[in-house]
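Structure at a glance
What follows is the residue order along each chain.
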Amino acid sequence: MIVIMNPNASARQISDVIARIRAMGYEVHISEGEQQTIIGVIGRGRPLDREQLSTMDGVHDVLAVTHPYKIASRMYHPENTQIPLGAMTVGSKELAIIAGPCSVEGREQIIEIAHAVREAGATALRGGAFKPRTSPYSFQGMGEEGLRYLAEAREQTGLPIVTEVMDPNLVPMVCEYADVLQIGARNMQNYTLLNAVGQSQHTVLLKRGMSSTIEELLMAAEYILSHGNMRVMVCERGIRTYETETRNTFDINAIPAIKSLSHLPVIADPSHGTGKWEYVESVSMAAIAAGADGLILEVHQTPETASSDGRQSLKPERFARLVSRIRKLGEVVDRVVPQPLPEMTRP
Ligand code: PEP
Ligand code: MN
């Protein structure tokens, strides 16, 4: 249930409605829009008397939210959620371009890629220090050492860091280094982890599970939002289908669908969505044309020697070409790729 207040409702009228809802045993989540305040009613108290609420002063309408997710729904929050990330704002006209290797492999490696992607137009740096690998024998990531190198790369380039956290106990430690906590596809329904990143109040990039529906993805986002952490971006990274030619099937439909159902920014991951670097540029163009708020792309200086996901990693020159094509496409879809940041330091 949501209570839509009149555009000119007074603070007193709003607080009276909140008090009434709480008295009925429910929790409230407030969305203060440009036009009006919307009060989300969450929980299971005494049966809600819709009539009683709709006759209160300042109330415009009381509506049942038909989706199981509430705070994630566009009904509750009609405007796009905007999230600051470094020098730009995700969910605005500006497109987020998050780029870097699948895994942090060493100090020189991550610092070199960070400079290369910054020059090519990246707005944030990605790199996994904790890697969720299908095989226990594959490279598992450099752990905290990798996070230290990422922080050094940020110091030199000014690019904010996006990196995965897999363990709820490590959320505070990863928060010390990361600007954005990535929740990987394999952990999309790890509720202990979702609760921990929700409590952290840190910005989160939540990836769609490989066999998850859009509704399940938005329910996972709801876990994080329910802790009052509104800084959530969701990521379409491809799902498993009958097709075996590509690693996953990038679900282009998910982009307009999520944008219509939810106010959360949508980031597209054509690297994992295709699994082959040759297709990454085309699918990136398609994702931005479909309304994505940004891209997350794997870039590696020598993909053939990468510790993980080399097959889908772009070389820096290819990445630069992709960004310049996205910039041109932006003119058609009314989006912009922010200009590269001035360099901070270079060794
Ligand atoms: C990654 O971003 O490198 C990754 C492991 O992604 P996903 O969780 O989408 O497979
Ligand atoms: Mn990867």
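The following paragraphs examine the structure supplied in this document. These numbers come from a predicted model, not from an experiment. (Residues numbered from 1 in each chain as written. Chains lettered and ligands numbered in written order. Predicted model: local features only at pLDDT ≥ 70, side-chain atom pairs only at ≥ 80, totals over all residues. Heavy atoms only, no water.)

**Regarding the nonpolar core**
With 77 residues, the main nonpolar core has V117, L125, L206, L295, F319 and I326 as its most contacted residues. In terms of residue count, helix α7 (residues 214-225) provides more of this core than any other element does, 7 residues in total. Here this core spans two domains, since at least three of its residues come from each of domain 1 (2-63) and domain 2 (83-333). Judged by nonpolar contacts, the second largest core, of 18 residues, contains A9, V17, I21 and V41. (Core = buried A, V, L, I, M, F, W, Y, C linked by side-chain atoms within 4.5 Å. Buried < 20%, exposed > 50% of the residue type's maximum accessible area, 1.4 Å probe, protein only. Helix = DSSP H or I, 4+ residues; strand = E, 2+ residues; numbered from the N terminus. Domains from an automatic or database assignment.)

**What about the site of ligand 1?**
Around ligand 1 sit C102, R126, K131, P132, Q182, G184, A185, R186, K207, R237, H272 and E298, and those are all the residues in its vicinity. In this structure, an oxygen atom belonging to ligand 1 sits 2.7 Å away from a main-chain N or O atom of A185. Between an oxygen atom of ligand 1 and a side-chain N or O atom of K207, the distance comes to 2.9 Å. Bound to the protein, ligand 1 loses 97% of the 300 Å² it would expose on its own. When atoms are counted within 2 Å of each cavity's grid points, the one that captures over half of ligand 1 is the largest pocket. Looking at the shell around ligand 1 residue by residue, the classes come out as 3 nonpolar, 3 polar and 6 charged. (Near = heavy atom within 4 Å. Polar contact = N/O pair within 3.5 Å; in protein donor to acceptor, adjacent residues only side chain to side chain. Areas by Shrake-Rupley, 256 points an atom, 1.4 Å probe, with all protein chains shown as cover. 1 Å grid on protein atoms, 1.4 Å probe; cavity = no way out; pocket = protein on both sides within 12 Å on 5 of 7 lines; lining within 4 Å. Sits in = over half its atoms within 2 Å of the grid points. Nonpolar A, V, L, I, M, F, W, Y, C, P; charged D, E, K, R; others polar.)

**A word on the coordination of the manganese ion (ligand 2)**
For the manganese ion (ligand 2), the full set of protein donor atoms is C102 (SG), H272 (NE2), E298 (OE) and D309 (OD), and the range of their distances to it is 2.0 to 2.4 Å. One chain supplies every donor to the manganese ion (ligand 2), and in sequence these donors are spaced C-x169-H-x25-E-x10-D. Here H272 lies in helix α9 (residues 270-274) and C102 lies in the loop between β7 (96-100) and α3 (107-120), a separation of 170 residues in the sequence. Taking relative accessible area as the criterion, C102 reaches 3% and is therefore assigned buried. For H272, a relative accessible area of 8% puts it in the buried group. (Donors = N, O, S within 2.8 Å, 3.2 Å for Na, K, Ca; no water.)

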